[in-house]
Amino acid sequence: MPELRRDPVIGRWVIISTDRNRRPIGLTQVNKNYGTVPCPFCNGNEEKTPYEVMAFGAPGRQANKPGWRVRTVPNKFPALGIEGHLHRDGEELYDKMDGFGAHEVIIETPDHSLDLEDLDESQIQEVFWSFRERIWDLKKDSRLEYILVFKNRGADAGASLSHSHSQLIATPMVPMRVKQELRGADEYYEKKGRCIFCDIIASEKQKNIRVVEENEDFIAITPFASRFPFELWVLPKAHESDFEKIQKHQVVRLAQIMKSLLKRLNYVLERPPYNFIIHNSPMRFDGLLYYHWHIE
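Just so we're clear, the structure is a prediction, and the values are computed from it rather than from any experiment.

**Some words on the packing of helix 1 (residues 121–138) against helix 4 (residues 248–269)**
How two helices pack is summed up by the angle between their axes together with the distance between the axes. Between helix 1 and helix 4, whose axes approach to 8 Å, the crossing angle comes to 115°. Between helix 1 and helix 4 lies a crossing whose hand is right-handed. Contacts from Glu121, Ile124, Gln125, Phe128 and Trp129 in helix 1 reach Lys248, Val251, Val252, Leu254, Ala255, Gln256, Met258 and Lys259 in helix 4. A breakdown of the residues in the contact of helix 1 with helix 4 according to their chemical character gives 8 nonpolar, 2 polar and 3 charged.

**A few points about the side chain of Asp115**
Of note, Asp115 is situated in the loop between strand 9 (102–107) and helix 1. Within polar-contact distance, the side chain of Asp115 engages the side chain of Arg153 at 3.0 Å. A polar contact is formed between the side chain of Asp115 and the side chain of Arg271, at a distance of 2.6 Å. If we skip the residues at most four places from it in the chain, Asp115 touches Arg153, Ser164 and Arg271.

**A few points about the packing of helix 2 (residues 176–192) against helix 3 (residues 196–207)**
As a packed pair, helix 2 and helix 3 sit with axes 9 Å apart at the nearest point and diverge in direction by 75°. As far as their axial angle goes, helix 3 and helix 2 are roughly perpendicular. When helix 2 is examined against helix 3, the residues Glu181, Ala185 and Tyr188 are found in contact with a partner set consisting of Ile196, Phe197 and Asp199.

**Observations concerning the packing of aromatic side chains**
A full pass over the atoms with the stated rule returns 5 aromatic pairs. Where Phe197 meets Tyr291, the ring centres are 5.5 Å apart and the plane angle is 80°; that geometry is what we call edge-to-face. Here Phe197, found in helix 3, pairs with Tyr291, found in the loop between strand 15 (274–279) and strand 16 (294–295); they are 94 residues apart in sequence, far enough to count as distant. Tyr291 matches Phe197 in its accessibility class, with the two residues each being buried. Seen from their ring centres, Phe218 and Trp293 are 6.0 Å apart, and the 65° between their planes marks the pair as edge-to-face. Residue Phe218 is located in strand 13 (residues 218–221), and its partner Trp293 is located in the loop between strand 15 and strand 16; the two are separated by 75 residues in the primary sequence. Here the two residues Phe218 and Trp293 agree in accessibility, since each one is buried. Joined through ring pairs, the aromatic side chains of Phe128, Phe131 and Phe276 make up one cluster. Positioned above the aromatic ring of Trp129, the side-chain terminus of Lys248 is 4.0 Å from the ring centre.

Conventions adopted
Along each chain, numbering runs from 1 in the same order as the chain's sequence is written. In keeping with the predicted nature of the model, local features appear solely for residues at pLDDT of at least 70, side-chain atom pairs appear and are counted solely at 80 or more, and the whole-chain, interface and lining totals rest on all residues. To get the side-chain values, all heavy atoms of the structure are used, and hydrogens and water are removed first. Axes, fitted as lines to C-alpha atoms, cover a helix only where it is in contact. Angles between the N-to-C directions of the axes lie from 0 to 180 degrees. Working definition: helices are DSSP H or I runs of at least four residues, strands are E runs of at least two. Numbering for both runs from the N terminus. Should the near helix be turned anticlockwise from the far one by less than a right angle, the crossing is termed left-handed; should it be turned clockwise, right-handed. Any two residues whose heavy atoms approach within 4.5 Å are treated as being in contact. Each residue is assigned to one of three groups, with Ala, Val, Leu, Ile, Met, Phe, Trp, Tyr, Cys and Pro labelled nonpolar, Asp, Glu, Lys and Arg labelled charged, and all others, Gly among them, labelled polar. Counting of polar contacts relies on pairs of N or O atoms within 3.5 Å, with two restrictions inside protein: one atom must be capable of donating a hydrogen and the other of accepting it, and residues adjacent in sequence are counted only when both atoms are side-chain atoms. Oblique is the label for any angle not under 35 degrees, not over 145, and not in the 65 to 115 range, which are roughly parallel, roughly antiparallel and roughly perpendicular in turn. Stacked, tilted and edge-to-face pairs are distinguished by plane angle, under 30 degrees for stacked and over 60 for edge-to-face with tilted covering the rest, among Phe, Tyr and Trp rings (Trp via its six-membered ring) whose centres lie within 6.5 Å. For every residue, the accessible area (1.4 Å probe, protein chains only) is compared with the maximum for its type, and the residue is labelled buried under 20%, exposed over 50%, or partly exposed between those bounds. Each ring is checked for a lysine NZ or an arginine CZ that lies within 6 Å of its centre and within 35 degrees of its normal; such an atom marks a charge sitting over the ring.

Dropping the structure here:
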C-alpha cells in the first residue's frame, strides 16, 4: 500500500510506493522463465492492463478490446491508490497517511512505433480531451485536491515503457510547488491587480525575443528564467485558471502548437527525452483571477 509522508522541515508531502519498483522497463520486459513479454499498451494486448476507465475508438467497439485510438487505464503499478483513506497518523514529529489518490495512464496511440508528435492532429486533440474528461470526472471526489497531468518521453525522462503515453496523478493535498506558484501569482495580483501570466504574454509579444511560436489561441515562449536547456512554456492567450474548462476550438489550436513544437525539438535535438507538465489550479479553486494554467 502506498504511503504519504510529510517532510517535517519544509512541509512537503512525499509519496512512498514500493510497488513502483515492479514496473516493466523498456520496449519489452525480459523474464528468465518466460522470455519476452509483449508491450501491454499495444493494440491487442488490452487484457494486460487494468480495465479501462475511458477510451476513444470506433463506433460499437467493446470496452477493453481492440479498435481504440486513445485509451485511459488505471496504472498497474500506482504511486497512489483509490482504495486508501484520508486518516492522518503520526509518530512523534512525523506525519503520514495512506497513499490515497488516483494514478492513471493515458495511452496515446495503439501503434507502438509512433510518438505523440507523429500522430494526426485530430488524435492529439483526443489525448488532450482525455485529460479534460478525466479531470472533470475525478473532481467529483471531494477527497481529492489536485490533479497532475504529465508526460515523460524516453528512459532518461523517467518513462519505464517506450510506448507513447501520458499520466495523471490525483492527490489529497496541493503539492508544495503548486502552492509556491499560486502564492507568487497572488502576490503579483495584489500589487498590480493583474495576472502575472497575462502580463508575461503581453511583454513577450511586444519584445518578440523569446516567442517561439503562436497561433490564435496559444503562445509558446522560452521563459526568462529558464531552469533547463530548451525549456518551453505554452500558455493560452485568453485568461483561464482551469485547464478542464478548455473548449473544442482551443484543443484544436493546442494540438497544432504542441505537434509543431515537439517536431521542432526532434529536428534540433534528434528526438530528445523530455517531460511536459500541465500546471493547473487546484480542484477546489475555481476561476482564479491571478492564476493562468499553462504547460511547461
